[in-house]
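Overview (structure and organization)
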Amino acid sequence: MGNLRTITIERQYASGGREIGKRLSEKLGIPFYDGQLLMLAAEKYGLNPEEVKANDEKVNRSLLYSVAAAVENFRGNDRGMLPYRIYQAQAETIRRLSMEGPCIFHGRCAGEILKEKRRSLNVFIYASSMAERRERANQIDNIPMTDADSYIHMKDKQRRDYYKMYAEKEWGDPLNYDLCMNSSALGYDRCVELIERAVRI
């Protein structure tokens, strides 16, 4: 793979980004970090794993959150609000793992976190077929088909807001990625093949 050390994958919900990342990991023989990244961050930085999981790729704007944040700031916590602490912990974990060797990161603004790492490859996966996305939402999260559209919209909005908050860019904008791939048109294996080709160039 030459000097390329990292691949980052941002994705629409139910577009197959996780499956593509896993298949790519197997094909290239390098680690794939998704949910386990949360546990690594929680363990290293002393955060509650359940709180980390609950705040994963979400921007919480509730009144309760606002009050709690104000109290925390008043107490002089120099590490900031809980979601920011979680983001910083994940960011440091991503940087550390990227220095240890080639790997693939799934979501969590990894491309932006590693933007100064010039030989990383940043990918965005989307799916043009809502029928396929509904089916996948039903399979992976047991979402009833009648509720799938609203759930997909909600999950995409969470990711869009999260990316906007921490990357300060528009989620899904082609200008923010090296490759944008339609998994509905290409299929998972073709996406894996094209990413692998790009990695080896």
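Residues numbered from 1 in each chain as written. Predicted model: local features only at pLDDT ≥ 70, side-chain atom pairs only at ≥ 80, totals over all residues. Heavy atoms only, no water.

Our next topic: the confidence of the model for the chain. Averaged over every residue, the pLDDT of the chain is 86; the share at 70 or more is 86%. In this model, residues 62–71 is a region of pLDDT below 50 whose contacts with residues beyond four sequence positions or in other chains number 6 contacts. (pLDDT = per-residue confidence, 0-100. Contact = heavy atoms within 4.5 Å.)

Any aromatic ring pair is given by two values, namely how distant the centres are and how the planes are angled relative to each other. Counted according to the given criterion, the structure contains 9 aromatic pairs. Here Tyr-84 and Tyr-166 contribute two aromatic rings whose centre-to-centre distance is 5.4 Å and whose plane-to-plane angle is 70 degrees, an arrangement assigned as edge-to-face. With Tyr-84 in helix H5 (residues 82–100) and Tyr-166 in helix H8 (residues 148–166), the pair connects residues that are 82 residues apart, well separated along the chain. Note on Tyr-84: relative accessible area 30%, which makes it partly exposed. Ring geometry for Tyr-87 and Tyr-162: centres 6.2 Å apart, planes at 70 degrees, overall edge-to-face. Placement of Tyr-87 in helix H5 and of Tyr-162 in helix H8 is noted, with a sequence separation of 75 residues between them. This pair shows no difference in class: Tyr-87 is buried, exactly as Tyr-162 is. One aromatic cluster in this structure is built from Tyr-84, Tyr-87, Tyr-162 and Tyr-166. (Phe/Tyr/Trp six-rings, centres within 6.5 Å; stacked < 30°, edge-to-face > 60°. Helix = DSSP H or I, 4+ residues; strand = E, 2+ residues; numbered from the N terminus. Buried < 20%, exposed > 50% of the residue type's maximum accessible area, 1.4 Å probe, protein only.)

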